[in-house]
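Letter by letter, the chains look like this.
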Amino acid sequence: MTNEDYQKIFHEIKNHIAFINSSLQLIEKSHPEIKEFAYWNDSMLEISSLKRMLIELNAARLSSDLTVQKTSLKQFLPELAHSCTAAFQSKDFGFQIDLEPALPELEIDPDWLKRALFNLIKNAFEAMGGAGTINLAACLDGSFVRLDITDFGGGISPEYLPKLFTPFATTKPGGTGLGLLIARQIVESHKGRLTVESRPQEGCTFSAFLPIPRA
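Along each chain, numbering runs from 1 in the same order as the chain's sequence is written. Reporting of local features is limited, given that this is a predicted model, to residues whose pLDDT is at least 70; pairs of side-chain atoms are given and counted only at 80 or more, and all residues count toward the totals for whole chains, interfaces and linings. The basis for the side-chain values is all heavy atoms of the structure; hydrogens and waters are excluded.

J.: Would you explain the packing of aromatic side chains in this entry?
T.: To describe a pair of aromatic rings, one takes the distance between the centres and the angle between the planes. Centres within 6.5 Å are what make two rings of Phe, Tyr or Trp a pair, Trp counting through its six-membered ring; a difference in plane orientation under 30 degrees is then read as stacked, over 60 as edge-to-face, and the rest as tilted. Under the defined criterion, the tally for this structure stands at 6 aromatic pairs. Taking the centre distance of 5.5 Å and the plane angle of 35 degrees together, the rings of Phe88 and Phe118 count as tilted. Of this pair, Phe88 sits in helix H3 (residues 73–88) while Phe118 sits in helix H4 (residues 110–127); the two residues are 30 residues apart in sequence, bridging distant segments of the chain. In this scheme, a residue with accessible area under 20% of its type's maximum is buried, one over 50% is exposed, and one in between is partly exposed, where area comes from a 1.4 Å probe on protein chains only. When its relative accessible area of 14% is taken as the criterion, Phe88 is described as buried. The class of Phe118 is partly exposed, set by a relative accessible area of 25%. The rule for a charge over a ring is simple: NZ of Lys or CZ of Arg within 6 Å of the ring centre, and within 35 degrees of the ring normal. Geometry around Phe144 places Arg193 over its ring, the cationic atom sitting 5.2 Å from the centre. When the ring centre of Phe209 is taken as origin, the NZ or CZ atom of Arg193, which lies over that ring, is 3.9 Å away. Secondary structure elements follow DSSP: runs of H or I of four or more residues count as helices, runs of E of two or more count as strands, with numbering from the N terminus.

J.: Help me understand the side chain of Asp151 in this model?
T.: As for its placement among the helices and strands, Asp151 is situated in strand S5 (residues 144–151). In this tally, Asp and Glu contribute negative charge and Lys and Arg positive charge; neither His nor the terminal groups of the chain are included. One speaks of a salt bridge when a side-chain nitrogen belonging to Lys or Arg is within 4 Å of a carboxyl oxygen belonging to Asp or Glu. Within the buried core, Asp151 has no salt-bridge partner, and the shortest N-O distance to an opposite charge, that of Arg199, equals 5.5 Å.

J.: When you look at the sheet that holds strand S4 (residues 132–141) in this model, what are you seeing that I'm missing?
T.: Note on sheets: strands pair through backbone hydrogen bonds, and any given pair is parallel or antiparallel. Spatial strand order, S2-S4-S5-S7-S6: 5 strands in an open sheet with mixed pairing. Two strands lie at the open edges of the sheet, namely strand S2 (93–99) and strand S6 (193–199), each paired on one side alone. Geometrically, the sheet is characterised by an average inter-axis angle of 20 degrees between neighbouring strands, direction not taken into account. Sheet analysis places S6 next to strand S7 (residues 203–211), joined by 7 bridges and oriented antiparallel. Here, any two strands with at least 2 DSSP bridges between them count as paired. Here an angle of 0 to 180 degrees is reported between the N-to-C directions of two axes, which are lines fitted to C-alpha atoms, with helices fitted over the stretch in contact.

J.: Looking at this model, I keep getting lost on the pattern of salt bridges. Mind explaining?
T.: It is possible for side chains of opposite charge to pair when their charged atoms get near one another. In total, this model carries 5 salt bridges according to the counting rule given. For Lys91, the salt bridge goes to Asp92, with nearest N and O atoms at 3.6 Å. Residue classification places Lys91 among the exposed positions, given a relative accessible area of 79%. For Asp92, a relative accessible area of 47% puts it in the partly exposed group. Glu202 is the salt-bridge partner of Arg199, the closest N and O atoms lying 3.4 Å from each other. For Glu202, a relative accessible area of 41% translates into the label partly exposed. It is possible to trace a salt-bridge network through shared partners that takes in Asp141, Arg146 and Asp148.

Structure follows, in structure tokens:
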């Protein structure tokens, strides 16, 4: 099956879900008393989760289709922080950016890598309750540039670590568990790797290793 075939299937499923969602909203508008019916709210939440899951699965499938360009982290990371700040809209949440001097430009797809790092930062934002400072750091590490995202949200339970990148394994209510999987797939599509170090009761650091372009 080609990518075009997959895209058509995703599009058709998305249309059907949108139709069901619209129909349910019209029913609710015409009969507001139905909101008191058992399981109605749960059903609406399930439809919303299904829509989000479909979007995330589609993103995971497309993450191998990269359009790379030489990119400076000196510009990329502040832009990423600005995008996250605007999206989260929390005056109590911010970033500390630390860049090692003379880092090389990387050959990345800025849009896809931003999506991967956004997923990691969103997890950190939620783990810290929407308040605090995340550290974004970049340094040389052998033949890679290592991007560290460090939060202080209490860390990840040791028993959950082996399931961290498993689809649909999540501790968040209404979550799909796909955000971290997509982040890892995007980093690996750049011929890199994604690791995590958890510090119980303190926080954790996700590290994206991105290869330095050959001269």
